[in-house]
Amino acid sequence: MTNTPTGFGRMTRKEDARFVRGRGTYVDDVRLPGTLHAAVLRSPLAHARITAIDTRAAEAHPKVRVVITGAVLADRGLAWMPTLSGDVQAVLATDKVRFQGQEVAFVIADDPYSARDALALVDVDYDPLPPVVDARTALDPDAPVIRDDREGRRDNHIFDWEAGDAAATDRVFAGAAVVVAQDVLYPRVHPAPLETCAVIADHDVVTGKLTVWATTQAPHAHRTLLATITGIPEHRIRVVSPDVGGGFGNKVPIYPAYVCAVAGSMLTGRPVKWTEDRSENLMATTFARDYHMHGEIASTVDGKILALRVRVLADHGAFNGTAQPSKYPAGFFHIVTGSYDLEAAHCSVTGVYTNKAPGGVAYACSFRVAEASFLVERLVDLLALELDVDPAELRMRNLLRPEQFPYTCSTGWEYDSGDYPRALALLLETAGYRELRAEQARRRELGEHLGIGLSFFTEAVGAGPRKHMDIVGLGMADGAELRVHPTGKAVLRISVQSQGQGHETTFAQIVAHELGIGPDDVDVVHGDTDATPFGLGTYGSRSTPVSGAAASMAARKVRERARIVASAMLEVSPDDLEWSPGRWSVRGDPTAGKSITEIAAAAHSDLDLPDGVEGQLDASCVYNPPNLTFPFGAYLCVVEVDPGTGQVVVRRFVAVDDCGVRINPSIVEGQVHGGLADGIGVALMELIAFDPDGNHLGGSFMDYLLPTAVDCPSWELAETVTPSPHHPLGAKGIGECATVGSPAAVVNAVMDALRPFGVRHADMPLTPAAVWRAIQGRPLRGDLAID
Amino acid sequence: MQVPASFQYRKATSVAHALSLLAEYGPEARVVAGGHSLLPMMKLRLAHPEALVDINDLAELAEIRVEGGALVIGALVRHAELLSSAVAGRHFPILHDAERVIADPIVRNRGTVGGSLCQADPSEDLSAVFAALRAELVVRGLDGERVVAARDFFVGPYETVLADGELLVAIRVPIRPSVSAYVKVDRRAGDWAVGAAAAVLELAGGVVAEVGIGLTALGARKFVAAEAEDHLRAGPPSGERFAEAARIAAAHCAPTADQRGPVDYKRHLAGELVARALRGAVGRAA
Ligand SMILES: Cc1cc2nc3c(=O)[nH]c(=O)nc-3n(C[C@H](O)[C@H](O)[C@H](O)COP(=O)(O)OP(=O)(O)OC[C@H]3O[C@@H](n4cnc5c(N)ncnc54)[C@H](O)[C@@H]3O)c2cc1C
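Predicted model only: the values in this text are computed from it and were never measured. (Residues numbered from 1 in each chain as written. Chains lettered and ligands numbered in written order. Predicted model: local features only at pLDDT ≥ 70, side-chain atom pairs only at ≥ 80, totals over all residues. Heavy atoms only, no water.)

Here's the deal with the overall build of chain A
What counts, and what does not: Helix numbers and strand numbers start at the N terminus; a helix is a DSSP run of H or I with at least 4 residues, a strand a run of E with at least 2. Atoms counted for the radius of gyration: C-alpha only. Globule rule: 2.2 Å times residue count to the power 0.38. Three exposure classes are used, based on accessible area relative to the maximum for each residue type with a 1.4 Å probe and protein chains only: buried under 20%, partly exposed in between, and exposed over 50%. Contacts were defined at the residue level, with two residues in contact if any of their heavy atoms lie within 4.5 Å. Positive charges come from Lys and Arg alone, negative charges from Asp and Glu alone, with His and the N- and C-terminal ends not counted. By convention, the point assigned to a charge is CZ for Arg, NZ for Lys, CD for Glu and CG for Asp.
Counting secondary structure elements, chain A contains 18 helices and 32 strands. For 787 residues, the compact-globule estimate of 2.2 N^0.38 gives 28 Å, and chain A sits close to it at 27 Å. Principal axes of the C-alpha set define a box for chain A whose edges measure 80 × 75 × 50 Å. In chain A, which comprises 787 residues, the share counted as buried stands at 65%. Considering only intrachain contacts with a sequence separation of at least 6, the fraction spanning at least 24 residues in chain A is 79%. Of the charged side chains in chain A, 71 are positive and 99 negative; the average position of the first set lies 1 Å away from that of the second.

The following block contains the structure:
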C-alpha cells in the first residue's frame, strides 16, 4: 500500500510507524519529574461492612507518603462520586464494600514497588454480609439490600424501562399461529483492553491547574466530570489522553482511582501516577452485557414474522454506572426488532443491583445493540427450526425491503437506509451457501458435525442527536477545527479519541478528500482538551458518524473561504469559480485557477481580502447528527463440533458489511477483523462468572480467555455500500458492527451442528464443557461457578 | 502494576554453584528456570521466595542426547527445543504431540522441561507424558545424585519429592520400541488442559507388553491411570479392550469441578481421551 490517495482509499495507517517501532506513548510511558506512585487496596469480599481501617503500619513504611481512605476523602466531600447513570459510586468504601475488588484505600509512595508492598500493611476489619450473586434472586423479598447507603432503599431494584406497544404486541401474539420462546443469557464479559487503565494527576499548587493524563476514550467528558467531582474550575483542568491501547468502552467512565490520584496530588503537591494491573482491570472496571433475556417471536405458519416480545433482567452490579445516553437506561436495546418488518414489538428491561463490579455497556456493543441483535438472531434461528425452514430463506422472507427506508420500527427507531436482501444474497453467494449445506448433509452421514450459522444485524451508531441523547447532561455532539497553515499544510483538531481505530489516518483522509490535498499534508490532533474542541468522545462507533461529519463540514467551510480568496486572487466573482479536487478555477477555463496551497498563502499574505474572509482559511464545526446511522451486515460462520469432547473449531467466517461509504477500506476491514475475533471470543470462551460467595472467577488472562489468531479462521469479507442519506460523507460507522453481529452467527452455527442431538439452545460461552453438557441435555449455567 | 515483593537474586555458574547457593539461602530460596510459572506467582504474591537462584546459564543442563539406551533431556531444555528435537520426536512422538499444545510460542521459547515437572501443577502436560513414558528423573543435591521414577516424583498438587536444596538435572526416557500419542482438550489455543491423556504402548507379538497411560488435569493419582494399564497389559491392543481401559480410567480418576468444566464432563473426557490416545498411538504402528 502507498500513501498516494488524495482522499478516500487504502493507505497504510499514519500512526502505525510509531506503534510498530514501539514508539507509542501511553500513560505509563509519561514520566513527570517528582512523580509519586500509587496502589489500590481492594476488597477481598463481595459484601461486607467495614468496621475499622488501620493505616498506621502502612504510613510508617519509609517510602509511603500518604494513605488515603474513604474517611480522608469524606472530609473533602470526595468519598462518593456521580456515575454516568445518575447513581453514585463509592470512590473509596466508607461504610460497606459491595463487590470483590472494590477500592478501599489508596497508598501513595515514592515508587510503585513500595506502594504495592504497603498494601499488605493496611489492616481492614470486615464484617461479612451475605452477597447477592445471582441476578435472578436480586429482587427476592429476603435478598440482602446492597445499596443501603441510599435513603429509604429496601430492595435491589434500579429501574424498569420499556419500549414498543405492549397491548398491540400481546394482540398479535394472541392471534399468531406460531410462537417460539427462549431464555437467553448474554453473560458478563469484559472489554479487556490490552492497555489497562492508568492515570497521572498533576495539580500545580501555584497556578491551581490540574493536568490529568489518563487513558480515556472521552477526554472532554472527563474534564467536565472531574470539575464536577473535585470542584476545581473546569478552565483549570486539562485532560490529556495520549496513545490509548484499546478501549472498547472500558475507558469511558472515570474510575475511583482517578479521583484518588487527583486528591493525592493535591495532598502531596506532586504528580501521582497509578497504573492498574491486569487483575484489577478484569475484576473492578466496567464489564459488559450481563443480560438475562426472555424472548418470544410470533409468526404465521408460513414463516412471516409478526412480532417480538422481550423481557430482560439486567445485572448492573453494585453501582449503576453504565455509560449510555441518559434517557436510555437500557441503551439502544429496543433495536431488538432487528432487520425485520414486524407488526408489533415490545421489550421491557428491569435493572438490578448485585454484588459485582459496576459498569455495563462497554465492549463494542453500541449501547446494547449487541445484546439485542444476539437475541433476535437466536430467535429467528429457533423459529426456522420450529418451522423446519432454512434459516437463510426465513431471513430473506422477512428482511426489510429497500423501498421501506427510511423505516420506523415498532419500537421507534428510524432506520436511515439499507438494502438488506442484497447483502444477504451476496453473503450466500460468497459463502457458497448451497454447497455448504450439501457438504453438511454429506458429512452428517459420516457422523461428522458441521454447523452453518447465519446472522443479520442492524446497528445503530453515531449518537446523538443531542436533543435526544446526552451523557450526564452533555449533549452528544462533536467538534472539529481545521487550520490551514500559510504553506497549505493543515492541522485538524478533533474531539474524539482514537484507541487504535486509526483516527490520524481516517480523519486526515476526510480533510484530504474535501480539500484535494494529500493525507500526509494533514495532521490530526486529538486527546488533549487544551488543544481540541469539545465533544463526547469515541465509543458507540460514533467517531466517523459524528466527528467525521464535523471534520468534513469544517473542511467544506475552508473550501468556501478558499473560494472567496481565490476570487480575489483571480479577480472574478466567487460564483464564477468551480471546484476540482485541490483547486478553484474559473468556470470554463481550467487553466485559470489556484491551488489550495496558493490560496492558503494568499490568505495569509497582504492580498486585499473581500468580505467574508478576515485572513486565514481556518474553520470549525460542531456536528449535531440529525439521526443515528444504521450500518448493517450479513454474517455466516462454519464450525465443526466434536461431540465426544465438545470442542468447536471455527472453519470459516464470511462477513458482508455495509457501513456506507468507506473512507479507508483497510481500516474498515481491520475493524471488522477485530470485531469478528471478539465475536468468536464471546461466543466460545469469554466469561466472568462468580462463585456463591461473590468471588470473581475471571481475574486473569488464564481465566478470562481472549481468542488468539489460532482460534480464528482467515476472514472472508465482502461489502455492499448504501450511503447514509443524512451523513455528509455517506459514512455510517463500523467500529462495533462485527462485535455486534458475529456472536449470533457463531452460536447459530454450533446449534446447527448440534441439531442431530436435539439441542435447541445453549448459552455462551460455548466452551467444550458447555457444548458437551448441552448434548447431554443438562446445559451449564454460564454466569455462576461450575460445581 | 503487578510487581513481586523484593527478593535476592543470584546467577549460578555451574550445577555445583547452584547447589551451594541453594544451601546458602536455605529453604526460602527457589530455583528459577524459565520463570513462566514462578514469576507470575511472585507477581500475584502467591509465592514469596527470599532468593532466586537463576540456573539459565547452566549449559550442562540444556542438552538433549541419547546416552546409555535412554533419551536424556536436560532439565533446562526449553519446550521449543524439545518440540524441534528430531531425535526426541523419532523415539517418542508423544513428546511432540504434547509440546505442540503446551502454551504458546512465547512461553515455549523460555519455559523449561524441568521447570514444568518441578512446578507439579496438576494441569502440567509433561507430568502425565513422562509418567506414561515411565521416565526417570535425575536429581542432584549436595550429597550427590539420585534417580526417581517419574511416577514417584509427584507427591500432590505443586508438591514433589525434591528436598530443599535439590536440583532436577535431567529426565531419562529408556528407549524401547513403542508407539505413543498425547491428546488434549483446551478451551482455546495455548490454554491449560481441561483434560488430556497420554498413551504409550510397547507391542510385542500382537500383545501389549507394557503400557503407560497418563492423565492431565483429571485428578489421576500420580498422573497415571494404573488400573487401566493393568487391564491392557498382556492382552491384544483391540478396540474393545481400549474402550474398557478408557472406562476404567474414567471410573478411577477424581477430577474436580472448576471453570474448565464440571466433574461429569471431565470424567467423560478421561474416558474419551484415553480411548483416543490409545487409538492414536496404535495408529502410529506402521
Ligand atoms: C501463559 C502460559 C500458559 C501455559 N500453558 C501451559 C500448558 O498449556 N501446559 C503446560 O504444561 N504448561 C503450561 N505453562 C507452563 C509452562 O510450561 C512453564 O514454563 C512451566 O510450567 C515451568 O517452567 P519454567 O522453566 O518456566 O519454570 P519456573 O517458573 O522457572 O519454575 C517453576 C518451578 O520449578 C522450580 N524449578 C525449575 N527448574 C528446576 C530445577 N531444574 N530443579 C528444581 N526446581 C526447579 C522452580 O523453583 C519453581 O518452583 C504455561 C505457562 C504460561 C505462562
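Section: the site of the ligand
Residue and element names in this part refer to chain B. Rules: What makes a residue near a molecule or strand is one non-hydrogen atom of that residue sitting within 4 Å of it. A 3.5 Å cut-off defines polar contacts: any pair of N or O atoms within that distance qualifies, except that in protein one atom must be a possible hydrogen donor and the other a possible acceptor, and neighbouring residues in sequence count only when both atoms are side-chain atoms. Working definition of accessibility: Shrake-Rupley area with a 1.4 Å probe, residue cover restricted to the visible protein chains. Residue polarity follows a fixed list, in which Ala, Val, Leu, Ile, Met, Phe, Trp, Tyr, Cys and Pro are nonpolar, Asp, Glu, Lys and Arg are charged, and the others, Gly among them, are polar.
Lining the immediate surroundings of the ligand are 31 residues, of which Val-31, Gly-35, Thr-112, Glu-124 and Asp-125 lie closest. Within the contact set of the ligand, an oxygen atom lies 3.0 Å away from a side-chain nitrogen or oxygen of Arg-30. One nitrogen or oxygen atom from the side chain of Ser-116 is found 3.4 Å from an oxygen atom belonging to the ligand. Compared with its free state, where it exposes 960 Å², the ligand has 92% of that area covered by protein. For the shell around the ligand, the element with the highest residue contribution is helix H7 (residues 113–119), accounting for 4 residues. Tallied by class, the residues present in the shell around the ligand amount to 15 nonpolar, 11 polar and 5 charged.

Quick word on the sheet that holds strand E10 (residues 178–189) of chain A
Residue and element names in this part refer to chain A. Stated precisely, the cut-off is as follows: The criterion for strand pairing is that DSSP finds at least two bridges linking the strands in question. Every axis in this analysis is a line fitted to C-alpha atoms, fitted for helices over the stretch in contact. Angles between the N-to-C directions lie between 0 and 180 degrees.
With mixed pairing, the 5 strands of this open sheet are ordered in space as E9-E17-E16-E15-E10. Looking at which strands have only one partner, the edges of the open sheet turn out to be strand E9 (157–164) and E10. Taken over all neighbouring pairs, the strand axes of this sheet differ in orientation by 10° on average, direction set aside. Direction of pairing for E9 relative to strand E17 (residues 344–352): antiparallel, over a ladder of 7 bridges. From the neighbouring strand, Phe-159 faces E17, where its bridge partner is Gly-351. Against the sheet, helix H5 (residues 166–175) makes contact with E9, E10, strand E15 (288–299), strand E16 (305–315) and E17, and its axis sits at roughly 125° relative to E16, the strand it touches most.

Quick word on the pattern of salt bridges
Put simply, the rule is: Salt bridges are defined by distance alone: a side-chain nitrogen of Lys or Arg within 4 Å of a carboxyl oxygen of Asp or Glu.
Summed over all chains, the structure comprises 81 salt bridges over all chains. Close ionic contact of Lys209(A) with Asp530(A) constitutes a salt bridge, the shortest N to O distance being 2.9 Å. Of the two residues, Lys209(A) is situated in the loop between strand E11 (198–203) and strand E12 (210–214) and Asp530(A) in the loop between strand E25 (522–525) and helix H14 (543–570); the sequence distance between them amounts to 321 residues. Relative accessible area serves as the criterion here: at 24%, Lys209(A) is assigned to the partly exposed category. Note that Arg233(B) and Glu210(B) form a salt bridge whose closest N and O atoms lie 2.6 Å from each other. You can see Arg233(B) sitting in the loop between helix H10 (226–232) and helix H11 (239–252) and its partner Glu210(B) sitting in strand E13 (residues 207–216), a full 23 residues away along the chain. Note on Glu210(B): relative accessible area 21%, which makes it partly exposed. Through salt bridges with shared partners, a single ionic network connects Arg49(A), Asp87(A), Asp95(A), Lys96(A), Arg98(A), Arg147(A), Asp148(A), Asp149(A) and Arg150(A).

Observations concerning the sheet that holds strand E5 (residues 70–74) of chain B
Residues and elements named next belong to chain B. Pairing in this open sheet of 5 strands is antiparallel, and the strands run E4-E5-E10-E6-E7 from one edge to the other. Of all the strands in the sheet, just strand E4 (64–67) and strand E7 (144–149) have a single pairing partner and so form its edges. Averaged over all adjacent pairs, the angle separating strand axes in this sheet is 25°, with direction ignored. Alignment of E4 against E5, held across 4 bridges, turns out to be antiparallel. Paired with Arg-65 across the two strands is Val-72, which belongs to E5.

Considerations on the packing of H14(A) against helix H15 (residues 596–603) of chain A
Between two packed helices, both the angle of their axes relative to each other and the distance between the axes serve to describe the pair. Residue and element names in this part refer to chain A. Basically, it comes down to this: In this scheme, roughly parallel covers angles under 35 degrees and roughly antiparallel covers those over 145, while 65 to 115 is roughly perpendicular and the rest are oblique.
At a closest axis distance of 9 Å, the pairing of H14 and H15 adopts a crossing angle of 80°. On the basis of the axis angle, H14 is roughly perpendicular to H15. Packed against H14, whose contacting residues are Ala-562, Val-565, Ala-566 and Met-569, the element H15 presents Ile-596, Glu-598, Ile-599, Ala-602 and Ala-603 at the interface.

Considering helix H18 (residues 768–776) of chain A
Buried residues dominate H18(A), accounting for 8 of its 9 residues. Turning to H18(A), its buried residues number three or more, namely Pro768(A), Ala769(A), Ala770(A), Val771(A), Trp772(A), Arg773(A), Ala774(A) and Ile775(A). Those residues of H18(A) that are buried lie in contact with strand E30 (632–642), strand E31 (647–658) and helix H17 (737–753) of chain A together with strand E11 (179–185) and helix H12 (263–283) of chain B.

Focus: the confidence of the model for chain B
What counts here: The quantity called pLDDT is the predictor's confidence in a given residue, expressed from 0 to 100.
Summing up the model confidence of chain B, the mean pLDDT is 97 and the portion of residues at 70 or higher is 100%. As a predicted assembly, this complex carries a pTM of 0.97 together with an ipTM value of 0.97.

Some remarks on the domain arrangement of chain B
Residues and elements named next belong to chain B. Put simply, the test is: Start and end positions for the domains come from either an automated domain assignment or a database one.
The assigned domain composition of chain B is domain 1 (61–174) and domain 2 (179–285). Taking only C-alpha atoms into account, the centre of domain 1 sits 20 Å from that of domain 2. Domain 1 puts 23 residues into the contact, and the matching count from domain 2 is 25 residues. On the surface where domain 1 and domain 2 come into contact, there are 5 salt bridges. Note that Arg-284 is salt-bridged to Asp-97, the shortest N-O span being 2.8 Å. For the pair domain 1 and domain 2, the number of links is 10 residue pairs in polar contact (both at pLDDT 80 or more). Counting residues per element, the ones that place at least two in the side of domain 1 that touches domain 2 are helix H5 (93–100), helix H8 (125–132) and helix H9 (150–153). With 6 residues, the top contributor of residues to the side of domain 1 that touches domain 2 is H8. Classifying every residue of the side of domain 1 that touches domain 2 by side-chain character gives 14 nonpolar, 2 polar and 7 charged.

Observations concerning the pairing of strand E2 (residues 29–32) of chain B
All names here are of chain B. Heads up, the rule is: Handedness of a crossover is defined as follows: with both strands directed away from the viewer, a clockwise route from the first strand across the helix to the second makes it right-handed.
In this structure, E2 lies alongside strand E3 (residues 51–54), joined through 4 bridges in parallel fashion. Across the sheet, residue Arg-30 finds its bridge partner in E3, namely Leu-52. Between the parallel elements E2 and E3, the chain passes through helix H2 (residues 38–43) in a crossover that is right-handed.

Observations regarding the side chain of Glu296(A)
One can find Glu296(A) in strand E15. Discounting chain neighbours no more than four positions away, the residues touching Glu296(A) are Phe173(A), Val179(A), Val180(A), Ala181(A), Ala307(A), Leu308(A), Arg309(A) and Leu379(A).

With respect to the packing of H11(B) against H12(B)
Residue and element names in this part refer to chain B. Note the cut-off: It is the rotation of the near helix from the far one that decides the hand of a crossing: anticlockwise by less than a right angle makes it left-handed, clockwise makes it right-handed.
The contact between H11 and H12 brings their axes to 8 Å, and the two run at 145°. Considering how the two elements wind past one another, H11 and H12 form a crossing that is right-handed. Judged by residue contacts, Phe-242, Ala-245, Ala-246, Ala-249, Ala-250 and Ala-251 of H11 engage Arg-267, Ala-270, Gly-271, Val-274, Ala-275, Leu-278, Arg-279 and Val-282 from H12. In terms of residue class, the contact of H11 with H12 is built from 11 nonpolar, 1 polar and 2 charged.

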